[in-house]
Amino acid sequence: LLVYFKVPADRIEARASTARAEDGAATGAPQGRIESFRFSLQLALAIGIYFTIFSLNNFRAVSTPIALRQLDSEQAIALTGVAFSLVGVASALGVVLAASNLVRSRRIRTVLSVSTLLTGLAFAAMGASASVAVFVVALAIGSLLNASMFPATNTLIALNTGKARRGTAFGIASSAQALGFVAGPAAAA
């Protein structure tokens, strides 16, 4: 819900400084200084979402075999392989099919809000499940929805920085990703 209320409606328009720089490059005029990096609230929120997505992915990677062992200790190894195979397929479908079409149509706020809510419900179903089948189905649905947030988050990061500073913004996002690789397993432990 925070995303829905804090992320403004999508507007795609060229920034004045970027348009002037591109005009200067086209005419051969000398280009000015690189614009300074601005860390906006929306950019911070996008990077926070990025961190959360990676934390949840790593939390799920550590906790899934443990949960499957508790649900069916005899078949835990085979079930873990099946579960992670479904996670891979669902994640690919989430990125390629669901998110790509929605992000291209400029529904970033809707994609992030709905995906976050439904991913939370899927993870709650995983926690409440008493059977392997329910757990694996909820895991696959949660993975599909979680993966659908990647293109939207990347787009949101790119839209909140100038072309000259996108490397900086994605570098910060990569740092958040690395912290997610630590925070997720730490939370599962």
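Residues numbered from 1 in each chain as written. Predicted model: local features only at pLDDT ≥ 70, side-chain atom pairs only at ≥ 80, totals over all residues. Heavy atoms only, no water.

## Looking at the nonpolar core
Step number 1: Counting 20 residues, the largest nonpolar core has Ile47, Tyr50, Leu112, Phe150 and Ile157 as the members making the most contacts within it.
Step number 2: For this core, the elements supplying multiple residues, two or more each, are helix H3 (41-71), helix H5 (108-128), helix H6 (132-159) and helix H7 (166-188).
Step number 3: Among the elements that take part in this core, H3 stands out by supplying eight residues, more than any other.
Step number 4: With residues up to four places along the chain from it excluded, the contact list for tyrosine 50 reads Phe150, Thr153, Asn154, Ile157, Ala173 and Gln177.
Step number 5: Formed by twelve residues, the second largest nonpolar core is a distinct cluster that contains Leu68, Ala83, Ala138 and Leu139. (Core = buried A, V, L, I, M, F, W, Y, C linked by side-chain atoms within 4.5 Å. Buried < 20%, exposed > 50% of the residue type's maximum accessible area, 1.4 Å probe, protein only. Helix = DSSP H or I, 4+ residues; strand = E, 2+ residues; numbered from the N terminus. Contact = heavy atoms within 4.5 Å.)

## Observations concerning the side chain of threonine 119
Step number 1: Relative to the helices and strands, threonine 119 resides in helix H5.
Step number 2: What makes threonine 119 buried here is its relative accessible area of 2%.
Step number 3: At 2.6 Å, the side chain of threonine 119 forms a polar contact with the backbone oxygen of serine 115.
Step number 4: Leaving out residues up to four positions away in the same chain, threonine 119 has contacts with Gly142, Leu145, Asn146 and Met149. (Polar contact = N/O pair within 3.5 Å; in protein donor to acceptor, adjacent residues only side chain to side chain.)

## With respect to the packing of H3 against H6
Step number 1: Two numbers describe how H3 lies on H6: the axes approach to 10 Å, and their chain directions differ by 160°. Classed by the angle they form, the pair H3 and H6 counts as roughly antiparallel. Of the two possible hands of crossing, H3 and H6 adopt the one that is left-handed.
Step number 2: Per-class residue counts for the contact of H3 with H6 are 19 nonpolar, eight polar and one charged. (Axes fitted to C-alpha atoms, helices over the stretch in contact; angles between N-to-C directions. Parallel < 35°, antiparallel > 145°, perpendicular 65-115°, else oblique. Left-handed = near helix turned anticlockwise from the far one by under 90°. Nonpolar A, V, L, I, M, F, W, Y, C, P; charged D, E, K, R; others polar.)

## Details of H5
Step number 1: Here H5 spans 30 Å end to end across 21 residues, near enough to the 30 Å set by a 1.5 Å rise per residue.
Step number 2: Those residues of H5 lying buried are Ile108, Val111, Leu112, Ser113, Ser115, Thr119, Ala122, Phe123 and Met126. (Expected span 1.5 Å × (residues − 1).)

## Thoughts on a nonpolar patch on the surface
Step number 1: On the surface, Val89, Leu93, Val96 and Leu97 cluster together into a nonpolar patch covering about 360 Å² of accessible area.
Step number 2: Its place among the elements puts leucine 97 in helix H4 (residues 76-104). (Patch = residues over 30% accessible without salt bridge, like charges linked within 9 Å, V, L, I, M, F, W, Y side chains within 5 Å. Areas by Shrake-Rupley, 256 points an atom, 1.4 Å probe, with all protein chains shown as cover. Salt bridge = Lys/Arg side-chain N within 4 Å of Asp/Glu carboxyl O.)

## Notes on the side chain of arginine 60
Step number 1: Following the sequence through the fold, arginine 60 ends up in helix H3.
Step number 2: For the buried arginine 60, no salt bridge is present, and the opposite-charge side chain at shortest range is aspartate 72, 20 Å distant.
Step number 3: With residues near it in sequence (within four places) discarded, arginine 60 still touches Phe84, Val87, Phe123, Met126, Leu139, Gly142, Ser143 and Asn146. (Lys, Arg positive; Asp, Glu negative; His and termini not counted.)

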